[in-house]
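Coordinate inspection notes
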Amino acid sequence: MNLIFFRFYLTKAEFCGLTLRDIDLENKVLNIDHQLQRTSDMRLIVESTKTNAGTRKIPMTDDVVRCFQGIIEDREPPRYEKVIGGYTGFLFVDKDCNPLVAMHWEHRFNHMVKRYNDIYRVQMPNITPHVCRHTYCSNMAKSGMNPKTLQYLMGHSDIGVTLNTYTHLGLEDATDELKRMEELAEARKELEKTKEEKPVSQKMFRAI
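Residues numbered from 1 in each chain as written. Predicted model: local features only at pLDDT ≥ 70, side-chain atom pairs only at ≥ 80, totals over all residues. Heavy atoms only, no water.

**A closer look at the overall build of the protein chain**
This is how the line gets drawn: Working definition: helices are DSSP H or I runs of at least four residues, strands are E runs of at least two. Numbering for both runs from the N terminus. Each residue is assigned to one of three classes by its accessible area relative to the maximum for its type, calculated with a 1.4 Å probe on protein chains only: buried under 20%, partly exposed between the two thresholds, exposed over 50%. Between two residues, a contact is recorded if the distance between any of their heavy atoms is within 4.5 Å. Using a 1.4 Å probe, accessible areas were evaluated by the Shrake-Rupley method; residue-level cover was limited to the displayed protein chains.
Across its full length, the protein chain holds 8 helices and 5 strands. Helices (α) and strands (β) of the protein chain occur, in sequence order from the N terminus, as α-α-β-β-β-β-β-α-α-α-α-α-α. The buried share of the protein chain, taken over its 208 residues, is 31%. Nonlocal contacts in the protein chain, meaning residues at least 24 apart in sequence, comprise 53% of its contacts between residues at least 6 apart. Carbon and sulfur atoms make up 54% of the accessible area of the protein chain, which totals about 14100 Å².

**Overview of the pairing of strand β4 (residues 44-47)**
Inclusion rule: Two strands are counted as paired when DSSP detects at least two bridges linking them.
Sheet topology places strand β3 (residues 35-38) next to β4; 4 bridges connect them, and they run antiparallel. In the strand pairing of β4, Gln35 is matched with Glu47. Hairpin connection, β3 to β4: the antiparallel pair is bridged by 5 residues, and Met42 has positive phi, about 70°.

**Observations concerning the packing of aromatic side chains**
We count it as follows: Working definition: rings of Phe, Tyr and Trp (its six-membered ring) pair if their centres are within 6.5 Å, and the pair is stacked with planes under 30 degrees apart, edge-to-face with planes over 60 apart, and tilted otherwise.
Enumeration over the complete set of coordinates arrives at 4 aromatic pairs. With 5.2 Å between their ring centres and 70° between their planes, Phe15 and Trp105 make a pair best called edge-to-face. Within this pair, whereas Phe15 is found in helix α2 (residues 12-16), its partner Trp105 is found in helix α4 (residues 102-119), the two being separated by 90 residues in sequence. Judged by its relative accessible area of 2%, Phe15 falls in the buried class. Trp105 gets classed as buried once you look at its relative accessible area, which sits at 5%. The interplanar angle of 35° and the centroid separation of 4.6 Å between the aromatic rings of Tyr116 and Tyr120 together place this pair among those described as tilted. Tyr116 sits in the partly exposed class, given a relative accessible area of 29%.

**A look at the nonpolar core**
Put simply, the rule is: The definition of a nonpolar core used throughout is a set of buried Ala, Val, Leu, Ile, Met, Phe, Trp, Tyr and Cys residues joined through side-chain atoms within 4.5 Å.
Within the largest apolar cluster, 28 residues are counted, with the highest numbers of intra-cluster contacts made by Leu10, Leu18, Leu30 and Phe68. Of all the secondary structure elements, the ones that give two or more residues to this core are α2, β2 (29-32), α3 (62-74), α5 (129-142) and α6 (147-154). Top element by residues in this core is α3. It accounts for 4 residues.

**Observations concerning the layout of surface pockets**
What counts is decided by this rule: Here a cavity denotes grid points, spaced 1 Å and computed from the protein atoms alone, that fit a 1.4 Å probe unable to get out, and a pocket denotes an open set having protein on both sides within 12 Å along at least 5 of 7 lines; residues with an atom within 4 Å of a point are the lining. Grid points are joined across faces, edges and corners, and a volume is the space filled by probe spheres set on the points. Polar here means any residue other than Ala, Val, Leu, Ile, Met, Phe, Trp, Tyr, Cys and Pro, which are nonpolar, and Asp, Glu, Lys and Arg, which are charged; Gly is therefore polar.
Within this model, the largest pocket holds a volume of roughly 420 Å³. Lining the largest pocket are 25 residues, and of these Thr11, Glu14, Gln35, Lys50 and Arg133 sit closest to its centre. Looking at the lining of the largest pocket residue by residue, the class counts come to 9 nonpolar, 9 polar and 7 charged.

**So, the side chain of Thr19**
The topology assignment puts Thr19 in the loop between α2 and β1 (23-24). Owing to a relative accessible area of 3%, Thr19 belongs among the buried residues under this scheme.

**Digging into the confidence of the model for the protein chain**
Defined as follows: On a scale of 0 to 100, pLDDT captures the predictor's confidence in every residue.
Mean pLDDT over the protein chain: 81, with 79% of residues reaching 70 or higher. Between the elements of the protein chain, mean pLDDT differs from a low of 45, seen in helix α1 (residues 2-7), to a high of 96, seen in β1. Note that pLDDT drops below 50 for residues 1-6; the model gives that stretch 17 contacts with residues more than four away or on any other chain. pLDDT under 50 marks residues 200-208. Its contacts with residues more than four places away, or in other chains, come to 3 contacts.

Next up, the structure:
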């Protein structure tokens, strides 16, 4: 499940295109400037990101850094590092040294959900890599992340995509936001009363 955690930012093709050189553990930065695709005739190709906005550097939290550290440590060096479009050292490869593509991850997700549902009575709904990206964006929007920051992280060229396609906010979200604004207004009123009653001074903050 740790794998899913840092997968949220990326498209499937960006994730599959990750190489060892794209992961800067020291500076906690993930470099995204290309994506891996498999064509209809089964050729593997590397392309630039869909838009200029897709080329970005993503800061990594400590949890994400630890995830990558574990994956890199567990990565068994392939018999040879395949070069595709000038890129090599792909993070995830199969037994034939070919980098994994989107289809592989979709199958892995299906297998994970099936195993879970075979064991537990409460069933898990269908989950895909894209659903994870969608959910991440919606959750960050609901948490109050700056829309421009969220647009950058997701690599959207148009903020309208960020706001309209991925952030499905409803009545409950609107109610919570209005309540939050009311509480903020009440807090400001109390602060104004305090200022009127007694000026704030440094003495108030001295330890007794």
